Amino acid sequence: MYVRVVRFTGVNAERLEELLARVKESGGAPEGVPTTGLRILLDEDQGTAVVEQYFETAEDMEVGGRAFSAMDSAETPGTRTSVDMCELKLEMTA
């Protein structure tokens, strides 16, 4: 499994709620983006967010990365500050 991790600054809760509503309404990722999952984390006090986009293969992550990178900044929760393209090595849940 692969995870594209994107960090944002300048995020406010209202803007994030609008984005979440659009994602829920559309049923998920944009057309042609082969994600297997999505997590959005918000630190409201700092105005930051971390978005984790999950993919089955590295190739899928590249395809998704190109699509997400091309998005208009109005469709993001804030200012993108970094993007990490990672292979998931361990996941533990209680």
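Reading guide: rules and limits
Every chain is numbered on its own, with residues counted from 1 as its sequence reads. Where local features are concerned, this predicted model is filtered to residues with pLDDT of at least 70; where side-chain atom pairs are given and counted, the filter is 80 or more; whole-chain, interface and lining totals use all residues. Only heavy atoms go into the side-chain values, all of them from the structure, while hydrogens and water stay out. For cavity detection a 1 Å grid was placed over the protein atoms alone, and a set of points counts as a cavity when a 1.4 Å probe fits there but cannot get out; an open set counts as a pocket when protein lies on both sides within 12 Å along at least five of seven lines, with lining residues being those that have an atom within 4 Å of a point. Grid points are joined across faces, edges and corners, and a volume is the space filled by probe spheres set on the points. Numbering goes from the N terminus for both helices and strands, where a helix is a DSSP run of H or I of at least four residues and a strand is a run of E of at least two. Asp, Glu, Lys and Arg are counted as charged, while Ala, Val, Leu, Ile, Met, Phe, Trp, Tyr, Cys and Pro are counted as nonpolar; the rest, among them Gly, fall into the polar class. One side-chain nitrogen of Lys or Arg within 4 Å of one carboxyl oxygen of Asp or Glu is enough to make a salt bridge. Partly exposed describes any residue whose relative accessible area lies between the buried limit of under 20% and the exposed limit of over 50%, with all areas from a 1.4 Å probe on protein chains only and scaled to the type maximum.

Novice: What exactly am I supposed to notice about the layout of surface pockets here?
Specialist: The computed volume of the largest pocket comes to approximately 470 Å³. Along the wall of the largest pocket there are 23 residues; nearest its centre are Leu 19, Val 23, Pro 30, Phe 68 and Met 71. Elements with a contribution of two residues or more to the lining of the largest pocket: strand E1 (2-9), helix H1 (13-26), strand E2 (35-43) and strand E3 (48-55). Per-element accounting of the lining of the largest pocket gives the leading share, five residues, to E2. Broken down by class, the residue content of the lining of the largest pocket amounts to 12 nonpolar, seven polar and four charged.

Novice: Explain the pattern of salt bridges here, please?
Specialist: A side chain of one charge can pair with a side chain of the opposite charge if their charged atoms are brought near each other. Under the counting rule described, the total for this entry stands at three salt bridges. Salt-bridge contacts for Glu 52 lead to Arg 39; the nearest nitrogen and oxygen are separated by 3.3 Å. Of this pair, Glu 52 sits in strand E3 while Arg 39 sits in strand E2, and the two are 13 residues apart along the sequence. On the accessibility criterion, Arg 39 (43% relative accessible area) is partly exposed. Close ionic contact of Glu 87 with Lys 89 constitutes a salt bridge, the shortest N to O distance being 3.4 Å. Glu 87 gets classed as partly exposed once you look at its relative accessible area, which sits at 40%.

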